[in-house]
Each structure stands twice: as structure tokens, then as C-alpha cells.
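Secondary and tertiary structure notes
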Amino acid sequence: GADARTGPSFLNMHMQLRHVCNHPFLLRGVVQAEGLEAASDAEYAERLVAASGKLVLLDKLLPSLRAQGHRVLLFSQFRMLLDLLEDYVAHRGFSHERLDGGVTGERRQAAIDRFCAPGSNTFLFLLGTKAGG
């Protein structure tokens, strides 16, 4: 095996594998290699979905769930994945809130209150599992 001087560490490789299993765009340089830096929002969103089986499934499920009056909580350990999901839900026009480790006290409670309010139209809540509180 490679040591720290000659190759990637196992932990880094493990994290890269976890990222690619969630979405290939989480790997450094993939968006650039695919030529998506200058893509239109619509093209980027379509490629974002097409690049991940998980997003293809979400893209089929979420409109159906919304049409049936359901509301959705999406959890992730990775803030970078929440960023991608936020791009996706914004492009699809899903109303959403987000709570992760970067959201502090008052803003956190305000997001929860908006989502939980009687008659709330917020469809989706993106949640980081390390949000704490």
C-alpha cells in the first residue's frame, strides 16, 4: 500500500468513494471535466439529475409526493450534497428550508417554525445530520 508520501491515504480514498456513491459532482473537477461551468441553469440541472441514480429516483418521486400533498425531509451527512440538492430543488421549483451545521440558533428555529406552521406550503426540508442543537 501507498504511504502518505507516495499516494492517497485510505481515509481520503474512503471519503472519495462515499462522495461518488452519493453524486459524482461531489468529486473535485468533475463539473469542470464535464464542461458544465458555463452551462445554462436548465442544462446543469438536467445533467445533475442524469449523473446520479439517486437523483433520477428523487426526480420521479418528489413530484408525485407533492401532488399527493406529502411533505419531505431529506437528510445527508454531507453539506456538499445538501448544496447540490438545494440547486436541484430550487431548479425544480420545490419550496424548501435547509438546516445544517452552518445555520445558527434563531435562523434554525425560524426555519423549523416555517416548515411546521399550520398551512405551510414548504414542501421539502433539507437536513444535515450534523446540524446539532
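Cut-offs applied
- Residues numbered from 1 in each chain as written.
- Predicted model: local features only at pLDDT ≥ 70, side-chain atom pairs only at ≥ 80, totals over all residues.
- Heavy atoms only, no water.
- 1 Å grid on protein atoms, 1.4 Å probe; cavity = no way out; pocket = protein on both sides within 12 Å on 5 of 7 lines; lining within 4 Å.
- Points joined across faces, edges and corners; volume = space filled by probe spheres on them.
- Helix = DSSP H or I, 4+ residues; strand = E, 2+ residues; numbered from the N terminus.
- Pairing = 2+ DSSP bridges.
- Axes fitted to C-alpha atoms, helices over the stretch in contact; angles between N-to-C directions.
- Core = buried A, V, L, I, M, F, W, Y, C linked by side-chain atoms within 4.5 Å.
- Buried < 20%, exposed > 50% of the residue type's maximum accessible area, 1.4 Å probe, protein only.
- Contact = heavy atoms within 4.5 Å.
- Phe/Tyr/Trp six-rings, centres within 6.5 Å; stacked < 30°, edge-to-face > 60°.
- Lys NZ or Arg CZ within 6 Å of the ring centre and 35° of its normal.

1. Notes on the layout of surface pockets
- Estimates place the volume of the largest pocket at around 170 Å³.
- Among the elements of the structure, helix 4 (53–67), strand 1 (72–76) and helix 5 (79–92) are those that each provide at least two residues to the lining of the largest pocket.

2. Focus: the sheet that holds strand 3 (residues 124–128)
- Read across the open sheet, the 3 strands follow the order 1-3-2; overall the sheet is parallel. Each edge of the sheet is formed by a strand with only one pairing partner; in this case those strands are strand 1 and strand 2 (96–99). Within the sheet, the average angular offset between the axes of one strand and its neighbour, ignoring direction, is 15°.
- Bridge count for strand 2 against strand 3 is 4 bridges, and the pairing is parallel. Bridge pairing links Glu-97 to Phe-125 in strand 3.

3. Thoughts on the nonpolar core
- Membership of the largest hydrophobic core comes to 24 residues, with the highest contact counts inside it found for Tyr-44, Leu-62, Tyr-88 and Leu-124.
- Of all the secondary-structure elements, those providing two or more residues to this core are helix 3 (41–50), helix 4, strand 1, helix 5 and strand 3.
- Sequence-distant contacts of Leu-62, that is, excluding residues within four places in its chain, are made with Val-72, Tyr-88, Phe-94, Phe-123 and Leu-124.
- Among the nonpolar cores identified, the runner-up in size contains 5 residues, and Leu-99, Ala-111, Phe-115 and Phe-125 belong to it.

4. Overview of the packing of aromatic side chains
- Evaluation of the coordinates by the stated rule reveals 4 aromatic pairs.
- Centroid distance Phe-25 to Tyr-44: 6.0 Å. Interplanar angle 40°. Geometry classified as tilted. Separated by 19 residues along the polypeptide, Phe-25 in the loop between helix 1 (10–22) and helix 2 (30–33) and Tyr-44 in helix 3 bring together distant segments of the chain. Each member of the pair, Phe-25 as well as Tyr-44, carries the same accessibility label: buried.
- Through pairs of rings, three or more aromatic residues link up here, namely Tyr-88, Phe-94 and Phe-123.
- In this arrangement the basic side chain of Arg-66 is found over the ring face of Phe-123, its NZ or CZ atom lying 6.0 Å from the centre.
- Arg-71 extends its terminal NZ or CZ atom over the ring of Phe-115, reaching a point 4.0 Å from the ring centre.

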